[in-house]
Amino acid sequence: MISYRKLAMRVLGHSPVSAARTARRSTAKRAAALALTAALVVGMTLPAFAQDWYIEDGDISISAGETGNKVTQGSTTKENDTDTVIKSKDSSTASSNTVTIHADEGKTVNVTLDNVTINVDEGSKYAYDPNAYKTAVSVTGSGNTNIELNGNNTLTSGYGHAGLEHNKTDDSGTLTIQDEKNDDGSAKGSASDTTGSLTANGGGRGAGIGGSDEHDGQATITGGKITATGGNGAAGIGGGAGDKYAAVGGDGDVTISGGTITATGGSLGAGIGGGAYGNGTVTVTDGDITAKATGNYGAGIGGGFGAIPKDTLIGGNGTVTISGGTITEASGGYMAAGIGSGYQGLGTVTIEGDAVIKNAQGGEAGAGIGSGTYGDSEIIIRGDAVIENAESSANGAGIGSGQGDLYPDGDGMVIDLTVGNVTIEGNAKIENAKSGSGGSGIGGGAVGIGNVIIRGNAQIGNATGGDEGAGIGGGALGTGDVTIEGNVTIENAQGGAGAAGIGGGAETQPDTEDTRNKVSIKSTEAGSPNITAKGGGVLDENAPLAGAAAIGSGSVADGATEVKSDITIEGKVTIDATGGGDVAIGDSTNGETQFSGLQVGTTITRRNAKGDDVSQPGDVVREPEKPAQPTVTPTEGAEAPSTGSVEVERPVTVEGLYVTNVLGKQITHTCTQNGTTLTIRANGIVASAHLTLGMVRTLKAQGVKTLVFTTLLSRSTTVSVDALLAAEPDAPDETAVVWTHTGPRAALTIGGADHSALLK
C-alpha cells in the first residue's frame with residue numbers, strides 16, 4: 001500500500017543571504033584633456049563621442065536620448081551616446097556601484113556589459129527592509145532595453161532585489177539579454193566567435209534575473225551563457241517572492257530563444273518561472289537549458305509555490321511552451337513538477353516542434369512533466385518532440401498530474417483526485433516516462449485520474465507506473481480513460497504492483513455504477529496501433545493485492561468492489577498483453593473481454609501471469625489465401641456459355657477476390673460473367689471489393705474487358721480493364737486495387753492512389 005505522507009508546510013523565511021561586502025572604488029582618475037576636465041568640474045553636458053564607462057568611477061544612470069543614450073556618471077552627463085559600454089577596470093574585484101537603465105515608452109536603450117563585476121550584497125545590515133538595499137543593475141520604464149554580453153559579467157544584489165532586475169508591471173517594457181556580437185564587436189559566424197556570459201545572483205526574495213521582492217519579473221534571453229540564482233523565495237529567472245495575503249508579486253514571464261542557461265530557484269521558487277506565490281509563464285524556442293528548484297514547492301520550469309490563504313489559490317500555476325531547443329534538465333522541488341506547476345498549481349504544458357527534453361524530474365508527489373501536488377494538468381506533446389526521460393521520484397506521474405489528496409473526516413476517508421489530461425500526437429516520441437511509486441507512467445499521480453490520448457505516429461518506449469500506478473492511465477485509487485488510435489507504437493506499458501499496464505490504478509473503487517476504466521484502441525487512416533502491455537503483479541505479503549490486467553482494471557483489496565473495464569478495439573491492431581494476474585484484457589469481475597469484427601491482419605496475443613495462453617475468439621484475423629496466379633473458373637453446375645449471339649450470364653469464382661464491410665470484416669459476395677463482362681455483387685450499402693493488378697491482368701488474359709461492382713440499392717459502377725491497367729502500367733502484380741461503394745458514392749484506388757475518375 002502507498003504510505004500517504006502528511007504534508008508539512010514550510011513558512012517562507014525572510015533571512016537575507018549573507019555575504020562579505022567586497023567592493024572598492026578606484027582611487028586613480030583617467031587622464032583627460034584640460035577642456036574635458038574643466039567640463040567635469042562644472043558639470044556641463046558633453047558632446048557625443050564613443051566612450052567606455054567604468055563602474056569603479058561611480059553609479060551609472062542610462063536613459064534613451066534622441067539618437068542614442070543619455071548617460072550620467074557622477075558629475076558627467078553625455079547625450080546621444082551611440083555605443084554605451086560598461087566595463088570594470090579590474091573584473092576580479094567587485095564594485096559596489098550600480099547601474100540604472102530607464103527606457104521611456106516608445107524608446108529603446110542598448111547597453112553592453114563588458115567584463116563587469118558588481119556586488120552590492122550587504123548581508124542583513126538593514127534587517128528586512130528591501131528599500132534599504134541596492135540593486136546591481138536595474139531596468140525600468142515602459143520602453144525596451146537590450147543588454148549585450150561581452151566577456152564574463154557577474155551581478156550580485158542585496159536583499160529584496162534581483163541580480164539583474166526588471167519588474168513587470170501593466171505598462172513596463174521588455175528586457176532582452178543577448179549575445180549578438182563578438183567581444184571585439186565583429187559579427188558572429190567564424191571559428192573565433194566568442195560567447196558573452198552573465199552570472200546573476202538575487203538577494204533574499206529577489207530573482208537572479210527578473211523580479212524583486214513582491215514584484216513580478218520579466219526577461220527575454222536570446223543568447224549568451226547565463227547562470228542565474230534566485231534568493232530565498234524567488235525564481236532563478238522570473239518572479240521575485242510574492243505576498244500571499246496581498247496577492248502581489250511572484251509571477252515570472254520568461255522567453256528564451258537561444259543561449260546556454262543554468263537557472264536555480266531559491267526555496268519556494270521555480271528554476272525558471274514563478275517565485276513563491278507566483279505563476280510562471282515560460283516560452284522556449286531554442287537554447288540549452290538546465291533549471292532546478294533546489295528548495296521545496298517550486299517547479300524546475302513553471303510555477304512557484306501556490307497557497308490558498310483565503311479559499312483562493314495564489315500562484316503555483318505553470319504555463320510552459322517549449323517548441324525547440326534542449327532541456328538538459330528540469331528538476332522540481334518537493335511536491336512540484338519538473339516542468340509545469342508548483343505545489344497546488346495547474347500545469348499547462350505544450351512541448352512541440354523539434355524540442356528535446358533530456359530529463360524532467362518531478363520532486364516527491366510532483367509529476368516529471370505536468371503538475372505538482374494537488375494540481376491538475378493539461379499537457380500536449382506533439383510535432384517531432386522527443387522526451388528522453390520524464391520521471392517523478394514518488395507519487396506523481398512521469399507525465400501527468402501530481403498526487404491528489406486523501407484524508408479522513410467524520411464519516412471515513414475523503415478522496416480528492418487530481419486529473420492528468422495528456423495528449424501525445426504527431427511524430428512525438430516518449431522514450432521513458434516513470435513514477436517512483438503510486439503514480440502512473442503517463443496519466444494520473446497517486447490519488448489521480450489519468451485521461452490520456454495517444455494518436456497519429458506517436459511512439460512510446462517505456463511507460464512504467466510505480467506501485468499501484470498504471471503504466472498509462474490512473475494512479476493509485478484513480479481510474480484511467482485512455483484512447484489510442486492511428487499508427488501508434490507502445491513498446492512497453494508496465495503497470496506497477498496491482499495496477500493495469502493500460503487502464504486503472506490499484507484500489508480504485510466505484511463511486512457510482514457507471515464508473516469505468518475506459519480504454520479505446522483503434523486503427524485509422526494514419527495506420528494501426530502496435531502495443532505491448534503488462535499488468536502489475538501481486539504487491540506483497542504485507543499489503544496483498546492481486547495482479548492486474550495488462551489492459552483494463554487494477555486490483556483491489558479483499559472485500560472491495562473493483563472498478564470494471566470498458567474496452568473497445570476497432571479496425572486492425574497488434575497487441576501483446578500479459579496480465580499480472582488471471583486476466584490479460586478486461587477485469588476480474590467479467591474476465592477476458594472478447595472483440596469481433598476486427599480487420600484482417602489483427603493479432604491479439606493474451607497471456608496470464610503464469611504464461612498460459614488466454615486468447616479469445618476473434619483475436620487473430622488472417623489474410624485470405626491468394627494463389628500466385630488467380631484464375632476465373634465457372635461455378636460447379638453452371639450452364640455453359642451460349643454459342644449464339646446472346647450471351648448467358650454464369651456464376652464464376654475469382655480466387656483471391658474478397659469483399660469487406662465498413663468495419664473491415666469480410667462479407668459474402670458473388671461473381672458472374674456475361675461474355676467479356678465480370679460482375680461482382682455484395683449485399684451491403686458500404687462495401688469494398690479487393691483485387692490486385694496481377695488478378696486484373698489474369699482476367700484480361702482470360703478475355704474479361706469490363707468489371708462491374710454492384711451493391712445494395714441497385715448501385716453499380718463500371719471500369720474498363722484496359723483503362724485500369726493503363727492507370728498504373730509499371731506497378732507490380734501485388735499492387736492492391738480497392739473498389740469502394742459508400743451509399744451513392746464510389747471510389748477506386750490503385751496502390752493507395754485515387755483513380756475514381758476511371759469509374760462510370
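Look up: the structure comes first, before these words.
Residues numbered from 1 in each chain as written. Predicted model: local features only at pLDDT ≥ 70, side-chain atom pairs only at ≥ 80, totals over all residues. Heavy atoms only, no water.

*Asks:* What is the right way to read the overall build of the protein chain from this model?
*Replies:* The secondary structure content of the protein chain amounts to three helices and 66 strands. Sorting the 760 residues of the protein chain into buried and exposed places 53% on the buried side. Sequence-distant contacts in the protein chain: of pairs separated by 6 or more residues, those separated by 24 or more amount to 74%. As displayed, the protein chain offers around 30,200 Å² of accessible surface, 47% of which is attributable to carbon and sulfur atoms. (Helix = DSSP H or I, 4+ residues; strand = E, 2+ residues; numbered from the N terminus. Buried < 20%, exposed > 50% of the residue type's maximum accessible area, 1.4 Å probe, protein only. Contact = heavy atoms within 4.5 Å. Areas by Shrake-Rupley, 256 points an atom, 1.4 Å probe, with all protein chains shown as cover.)

*Asks:* What is the right way to read helix α2 (residues 693-701) from this model?
*Replies:* The periodicity of an α-helix, 3.6 residues per turn, causes residues three or four places apart in sequence to face the same way. All of the buried residues in α2 are L693, G694, M695, V696, T698 and L699. Of the residues trailing α2, G703 is marked for its positive phi of about 100°.

*Asks:* Teacher, can you tell me more about the side chain of Q673 here?
*Replies:* Turning to its location among the elements, Q673 is positioned in strand β59 (residues 669-674). You can call Q673 buried: its relative accessible area is 6%.

*Asks:* Explanation requested: the sheet that holds strand β57 (residues 658-660) in the structure shown.
*Replies:* The strands that make up a sheet pair up through hydrogen bonds in the backbone, lying either parallel or antiparallel. Spatial ordering of the open sheet is given by β58-β57-β61-β64-β65-β66, a layout of six strands whose pairing is antiparallel. Each end of this open sheet is capped by a strand with a single partner; those strands are β58 (666-667) and β66 (753-754). The pairing of strand β64 (residues 736-742) with strand β65 (residues 745-750) spans six bridges and is classified as antiparallel. Counterpart to V738 in the pairing with β65 is T749. (Pairing = 2+ DSSP bridges.)

*Asks:* Quick question: what am I supposed to make of the packing of aromatic side chains here?
*Replies:* Geometry of an aromatic ring pair is reported as the spacing of the ring centres plus the angle between the planes. Going through the model one piece at a time under the given rule, you end up with ten aromatic pairs. For the ring pair Y126 and Y133, a centre distance of 5.3 Å and an interplane angle of 75° mean the geometry is edge-to-face. The class of Y126 is partly exposed, set by a relative accessible area of 34%. Three or more aromatic residues joined by ring pairs form one cluster here, namely Y277, Y297, F305, Y334, Y343 and Y374. (Phe/Tyr/Trp six-rings, centres within 6.5 Å; stacked < 30°, edge-to-face > 60°.)

*Asks:* Before we go on, may I ask you to explain the environment of T260 in this structure?
*Replies:* Within the secondary structure, T260 sits in strand β21 (residues 252-265). On the accessibility criterion, T260 (41% relative accessible area) is partly exposed. Residues T260 and D288, 28 residues apart in the sequence, show an inter-C-alpha distance of 4.8 Å. Once you skip the residues sitting within four places of it in the chain, T260 turns out to touch G224, K225, I226 and D288.

*Asks:* Would you explain the pairing of strand β38 (residues 418-424) in this entry?
*Replies:* Burial analysis of β38 places six of its seven residues in the buried class, which makes it a mostly covered element. Bridging between strand β32 (residues 377-381) and β38 involves five bridges; their strand directions are parallel. Paired with E378 across the bridge in β38 is N421. Pairing of β38 with strand β41 (residues 448-456), which is carried by seven bridges, proceeds in the parallel orientation. Along β41, the bridge assignment pairs T423 with I453.

*Asks:* Even after reading the chapter, I still don't get the environment of G204, so can you show me in this structure?
*Replies:* Turning to its location among the elements, G204 is positioned in the loop between β16 (197-201) and β17 (209-210). Classification of G204 by relative accessible area gives buried; the value is 1%. For the pair G204 and Y128, spaced 76 residues apart in sequence, the C-alpha to C-alpha distance is 9.3 Å.

*Asks:* Looking at this structure, how should I read the side chain of D619?
*Replies:* On the secondary structure map, D619 appears in the loop between β54 (603-607) and β55 (632-634). On the basis of relative accessibility, which here comes to 2%, the residue D619 falls in the buried class. Within the local environment of D619, its side chain forms a polar contact with the side chain of R606, the two groups lying 2.8 Å apart. Sequence-distant contacts of D619, that is, excluding residues within four places in its chain, are made with T602, T603, I604 and R606. (Polar contact = N/O pair within 3.5 Å; in protein donor to acceptor, adjacent residues only side chain to side chain.)

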